[in-house]
Amino acid sequence: MAKEGVEKAEETEQMIEKEAGKEPAEGGGGGGSHRLGDAQEMRAVVLAGFGGLNKLRVTRKAMPEPQDGELKIRVKACGLNFIDLMVRQGNIDNPPKTPLVPGFECSGIVEALGDSVKGFEIGDRVMAFVNYNAWAEVVCTPVEFVYKIPEDMSFSEAAAFPMNFVTAYMMLFEVANLREGMSVLIHSAGGGVGQAVAQLCSTVPSVTVFGTASTFKHEAIKDSVTHLLDRNADYVQDVKRISAEGVDIVLDCLCGDNTGKGLSLLKPLGTYILYGSSNMVTGETKSFFSFAKSWWQVEKVNPIKLYEENKVIAGFSLLNLLFKQGRAGLIRGVVDKLIALYNQKKIKPVVDSLWALEEVKEAMQRIHDRGNIGKLILDVEKTPTPLMANDSTETSEAGEEEEDHEGDSENKERMPFIQ
């Protein structure tokens, strides 16, 4: 049950709209909440079933209210991650039931407090982890997953901050124990995590960073890493030409044959960390062939060989650490350290582009094509481009998916991304 009454909630909503440069909404506007009888509704991205982009729709849902220990957040921006693409395809272990609202991180303004919530006030600017349901105008999430953001941090930066920087920090400092003079290999150096890793490495003296990325990204990210390598070339030989012994840390979000390559590059006492498996994603829908190929290419780890070569192999999943393994306290301490680094101007989220909720399909296609440099953000208040909005907006009050004609979803030509 929320502590604040209807009058307080409406006052807060007016404050939020004023901050966005809008007049308080009356009746049914484009963004913001709508009333249907006594129930309030909100816009949200809904995944009707696992599969291609045609499974996503923007529709209206009942607005959630905070339970005991939860905060209600009026969302300003949401982060879009590669794991969201894998969720859409059903390409994860134990996927949840559909329909569902995707998304694991957001930023916004606290609109209401559930019972027993302390340390926050209505009107606070925050960022938060959410166990699904982030891609909506309003979310409710437990207080242990919510963090206040600095005054000079924008909402889009805040939505780009939690997943990428916490993942990067945990792998570098908690798992691999990065220290002065060490070397790091990071795949997908142009992505959100890759850029976060590069920035955090720069906070430690004399750290050498090898980064792999598609050649078309090299000019944009050349200053963020020490040695930039073509992801489609023989990067193992490229690394060894520069550092014959290899590297101290390998951060791998690809999996497949890159696992064996990464282990081969480790120096004695080096650490290989797997934190993703994007090589399993090739087409728009889940592919058993891609899954089998990636699994087959993974080098089978021999513990005796690890012992003889003094190498460490590890895995890292931030979402499991938060939502399944109860390490919210540890993560809060990491977020505090990261915010301190942000305030010292040592790190700053790299935002690739902003998209309206109705443009979620095009945003996901950009991630699928590995076209982004930094983070893609869903801006809840952004006005969609009409051609993009038509394909993603659900007009049915029932919220049911309108199926494409057979074969259309796989064969139709997608419009190019226009920056």
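Residues numbered from 1 in each chain as written. Predicted model: local features only at pLDDT ≥ 70, side-chain atom pairs only at ≥ 80, totals over all residues. Heavy atoms only, no water.

In the nomenclature of an unreviewed UniProt entry, the chain corresponds to Enoyl reductase (ER) domain-containing protein from the organism Rangifer tarandus platyrhynchus. UniProt annotates the chain under Sequence similarities (unreviewed entry) with the comment "Belongs to the zinc-containing alcohol dehydrogenase family. Quinone oxidoreductase subfamily." (UniProt positions renumbered as here; feature names shortened; annotations may be inferred.)

S.K.: What is the right way to read the sheet that holds strand β13 (residues 266–274) from this model?
M.R.: Adjacent strands of a sheet pair through backbone hydrogen bonds, lying either parallel or antiparallel. Read across the open sheet, the six strands follow the order β11-β10-β9-β12-β13-β14; overall the sheet is parallel. The two strands at the open ends of the sheet, each matched to only one other strand, are β11 (227–230) and β14 (312–315). Strand-to-strand twist of the sheet, defined as the mean angle between neighbouring strand axes without regard to direction, takes the value 15°. In this sheet, strand β10 (residues 208–213) lies alongside strand β9 (residues 183–186) in parallel orientation, the contact comprising four bridges. Across the sheet, the residue bridging to isoleucine 186 is glycine 211, located in β10. Strands β9, β12 (247–252), β13 and β14 of the sheet are contacted by helix α8 (residues 258–265), whose axis makes an angle of about 150° with β13. (Pairing = 2+ DSSP bridges. Helix = DSSP H or I, 4+ residues; strand = E, 2+ residues; numbered from the N terminus. Axes fitted to C-alpha atoms, helices over the stretch in contact; angles between N-to-C directions. Contact = heavy atoms within 4.5 Å.)

S.K.: How do you make sense of the pairing of β12 when you look at a structure like this?
M.R.: A regular strand carries its side chains on alternate faces of the sheet. Counting buried positions along β12 yields six of six residues, so the element is predominantly enclosed. Bridge analysis of β9 against β12 gives three bridges, and the strand direction is parallel. Note on β12: the bridge partner recorded for isoleucine 186 is leucine 251. Alignment of β12 against β13, held across five bridges, turns out to be parallel. Counted as the bridge partner of aspartate 252 is leucine 274 from β13. (Buried < 20%, exposed > 50% of the residue type's maximum accessible area, 1.4 Å probe, protein only.)

S.K.: Explain the packing of aromatic side chains to me, please; I cannot follow it from the model alone.
M.R.: The relative placement of two aromatic rings is captured by the distance of their centres and the angle of their planes. In total, this model carries six aromatic pairs according to the counting rule given. Ring plane angle 85° and centroid distance 5.0 Å describe the contact between phenylalanine 145 and phenylalanine 323, whose orientation is recorded as edge-to-face. Linking phenylalanine 145 in the loop between β7 (138–142) and β8 (146–148) with phenylalanine 323 in helix α11 (residues 318–323), this pair joins segments that are 178 residues apart in sequence. There is no split in this pair, since phenylalanine 145 and phenylalanine 323 are both buried. Relative to phenylalanine 165, the ring of phenylalanine 161 has its centre 5.1 Å away and its plane inclined at 20°; by these criteria the two rings are stacked. We classify phenylalanine 165 as buried; its relative accessible area is 2%. By way of ring pairs, the aromatic residues Phe161, Phe165 and Tyr342 are connected into one cluster. The ring of phenylalanine 155 carries arginine 125 above its face, with NZ or CZ at 4.7 Å from the centroid. A cation sits over an aromatic face here: lysine 148 above phenylalanine 120, 5.6 Å from the ring centre. (Phe/Tyr/Trp six-rings, centres within 6.5 Å; stacked < 30°, edge-to-face > 60°. Lys NZ or Arg CZ within 6 Å of the ring centre and 35° of its normal.)

S.K.: Sorry, what's going on with helix α4 (residues 162–175) here?
M.R.: Think of an α-helix as turning once every 3.6 residues; residues three or four places apart then point the same way. Burial analysis of α4 places 11 of its 14 residues in the buried class, the great majority of the element. Within the sequence span of α4, burial applies to Pro162, Met163, Asn164, Phe165, Val166, Thr167, Ala168, Tyr169, Met170, Met171 and Leu172. Where α4 ends, the next residue or the one after it, asparagine 177, has phi of about 55°, a positive value.

S.K.: Can you help me understand the packing of helix α7 (residues 235–242) against α8 in this one?
M.R.: Each pair of packed helices can be described by the angle between their axes along with the distance between the axes. At a minimum axis distance of 10 Å, the contact between α7 and α8 shows a crossing angle of 10°. Between α7 and α8, the angle is such that the two are roughly parallel. In this structure, α7 contributes Tyr235, Val236, Val239 and Lys240 to the contact, and α8 contributes Asn258, Lys261, Ser264 and Leu265. Grouping the amino acids of the contact of α7 with α8 by side-chain chemistry returns four nonpolar, two polar and two charged. (Parallel < 35°, antiparallel > 145°, perpendicular 65-115°, else oblique. Nonpolar A, V, L, I, M, F, W, Y, C, P; charged D, E, K, R; others polar.)

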